[in-house]
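Residue-level listing of the chains:
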Amino acid sequence: MEKRARMLKSAEILEDAFGVPRWAHELHDPVSTLVGTILSQNTNDRNSSAAYNNLRKRFPKWENVLSASEKQVANAIRSGGLPEMKAKRIRGALKKIKADSRTGRISLDFLNGMNKDEVRDYLLSIGGIGPKTAAIIMLFSLGIPAFPLDTHVFRVSKRLGFIPEKTSYGKAHELMDALVPDALKASLHVNLIYLGRKTCHPKNPECGKCPLARMCKSAFGRKMFSTEEALLCQKRERRARKEK
Ligand code: SF4
């Protein structure tokens, strides 16, 4: 069974096991997503959420963040770790967005009408925004299909054989974006993160508990598809194409 069919089957098994994430169907304000993703760098969800909530409480409007000093912003986000660096990145990003919007507003509305590559290039031109953050903003806030790869998705995708073992992080984004159908990008992203956190640990993955164990190259080193499963995959692929 080919890589694409294996990926489609994995997405189906994960949706059966973990569900279709609610987040996958909701769009969030892009500037909020951008700031939230900067705050999530090098920390856990609980700390970054606390930092984000405190930032919004202290500075209800993004303009307030620009009026404040870097130190004041750093103090508001201290619980998220690396406060000075993140305060600098957040203020730098907001400043650039305000200048580029040419309306005086801190809004990414001006990205509407640009194509996928133009949007990605713009987001990558903001200091502190890498391919993962750009893809998250595109997928969850702008409704542009992109596949974000965090450290869990990168590791699990390699183990499952979706991308070659020696693929670089940057190249992996390109390969996964091309491999995963648009209709499945959000769901597979969220479910692979969950699998990576819960079961497919960096060391000692718990393959015995893994819903993908019978088809994972790293667990068994061989392909496990039956003809019946192959037909199901083809059906799913046709459905995914129609939904595009
Ligand atoms: S079978 Fe093991 S190595 Fe493969 S995805 Fe599951 S936990 Fe990871």
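In what follows, the accompanying structure is described. (Residues numbered from 1 in each chain as written. Predicted model: local features only at pLDDT ≥ 70, side-chain atom pairs only at ≥ 80, totals over all residues.)

**A look at the overall build of the protein**
Item 1. Each helix and strand counted, the protein has 13 helices and zero strands in total.
Item 2. Ordered by position from N to C terminus, the α and β elements of the protein give α-α-α-α-α-α-α-α-α-α-α-α-α.
Item 3. Of all 244 residues assigned to the protein, the portion counted as buried reaches 36%.
Item 4. In the protein, the share of contacts with a sequence separation of at least 24, taken over all contacts with a separation of at least 6, comes to 66%. (Helix = DSSP H or I, 4+ residues; strand = E, 2+ residues; numbered from the N terminus. Buried ≥ 20, exposed ≤ 12 C-beta atoms within 10 Å, placed from the backbone. Contact = placed C-beta atoms within 7 Å.)

**Here we look at the packing of helix α9 (residues 151–160) against helix α11 (residues 185–198)**
Helix packing geometry: the angle between the two helix axes and the distance between the axes.
Item 1. Packing of α9 against α11 leaves a shortest axis separation of 8 Å and a crossing angle of 85°. By the criterion of interaxial angle, the relationship of α9 to α11 is roughly perpendicular. Here His-152, Val-153, Arg-155, Val-156 and Ser-157 of α9 lie close against α11, whose contacting residues are His-189, Leu-192, Ile-193, Leu-195, Gly-196 and Arg-197.
Item 2. When grouped by side-chain class, the residues that make up the contact of α9 with α11 number five nonpolar, four polar and two charged. (Axes fitted to C-alpha atoms, helices over the stretch in contact; angles between N-to-C directions. Parallel < 35°, antiparallel > 145°, perpendicular 65-115°, else oblique. Nonpolar A, V, L, I, M, F, W, Y, C, P; charged D, E, K, R; others polar.)

**Some points on helix α6 (residues 83–101)**
Item 1. Its 19 residues give α6 an end-to-end C-alpha distance of 27 Å, which sits within 8% of 27 Å, the value for a rise of 1.5 Å per residue.
Item 2. Listed as buried for α6 are Lys-86, Ala-87, Arg-89, Ile-90, Ala-93, Leu-94 and Ile-97. The buried residues of α6 occupy an angular sector of 165° when the element is viewed end-on, so they sit on one face.
Item 3. Once α6 finishes, Arg-102 follows within two positions and takes phi at roughly 55°, a positive value. (Expected span 1.5 Å × (residues − 1). Arc of directions from axis to C-beta.)

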